[in-house]
Amino acid sequence: MAEKKTPYQSKYEGSGTFTISKPKRKSHKKRQTKLKNPQRGARR
């Protein structure tokens, strides 16, 4: 099976423990989400 490229990273800490990290969302993506989905009840 071919390896899949993912933005996630895992680091082996020892004795079966892994630290899994994923990249933070880009600031322009967060802005677009905020514009398209305004906070509920904000205009009341």
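Mind showing me how you'd approach the confidence of the model for the protein here?
Interpretation of this model should avoid reading the predicted coordinates in detail wherever pLDDT is low. Overall, the prediction assigns the protein a mean pLDDT of 85, with 93% of residues at 70 or greater. Element-level pLDDT for the protein is lowest in helix H1 (residues 27–36), with a mean of 89, against a maximum mean of 92 in strand S2 (residues 17–21).

Looking at this structure, how should I read unusual backbone geometry?
Only a minority of non-glycine residues have a phi that is not negative, and only a minority of peptide bonds are not trans. In this structure, Ser 15 is a non-glycine residue whose phi angle is positive, near 50°. Mapped onto the elements of the fold, Ser 15 is located in the loop between strand S1 (9–14) and S2. According to the relative accessible area criterion, Ser 15 is exposed, its value standing at 74%.

I keep staring at a positive patch on the surface and nothing clicks. Help me out?
On the surface, Lys 22, Lys 24, Arg 25, Lys 26, Lys 29 and Lys 30 cluster together into a patch of positive charge. Here Lys 29 shows up in helix H1. Assessed through its relative accessible area of 47%, Lys 29 is described here as partly exposed.

Is there a simple way to explain the environment of Lys 26 in this structure?
Its location among the elements puts Lys 26 in the loop between S2 and H1. Judged by its relative accessible area of 52%, Lys 26 falls in the exposed class. On a C-alpha basis, the gap between Lys 26 and Gly 14 in space is 31 Å, while along the polypeptide they are 12 residues apart.

How should the pairing of S1 be read in this particular structure?
Looking along a regular strand, one sees side chains alternate from face to face of the sheet. In terms of residue burial, S1 counts as a barely covered element, since only zero of its six residues are buried. Both S1 and S2 contribute to a ladder of five bridges, which runs antiparallel. What sits directly across from Tyr 12, in S2, is Phe 18. The turn joining S1 and S2, which pair antiparallel and follow one another in sequence, is formed by two residues; a positive phi near 50° is taken by Ser 15.

The rules behind these values
- Residues numbered from 1 in each chain as written.
- Predicted model: local features only at pLDDT ≥ 70, side-chain atom pairs only at ≥ 80, totals over all residues.
- Heavy atoms only, no water.
- pLDDT = per-residue confidence, 0-100.
- Helix = DSSP H or I, 4+ residues; strand = E, 2+ residues; numbered from the N terminus.
- Buried < 20%, exposed > 50% of the residue type's maximum accessible area, 1.4 Å probe, protein only.
- Patch = residues over 30% accessible without salt bridge, like charges linked within 9 Å, V, L, I, M, F, W, Y side chains within 5 Å.
- Areas by Shrake-Rupley, 256 points an atom, 1.4 Å probe, with all protein chains shown as cover.
- Salt bridge = Lys/Arg side-chain N within 4 Å of Asp/Glu carboxyl O.
- Lys, Arg positive; Asp, Glu negative; His and termini not counted.
- Charge placed at Lys NZ, Arg CZ, Asp CG, Glu CD.
- Pairing = 2+ DSSP bridges.

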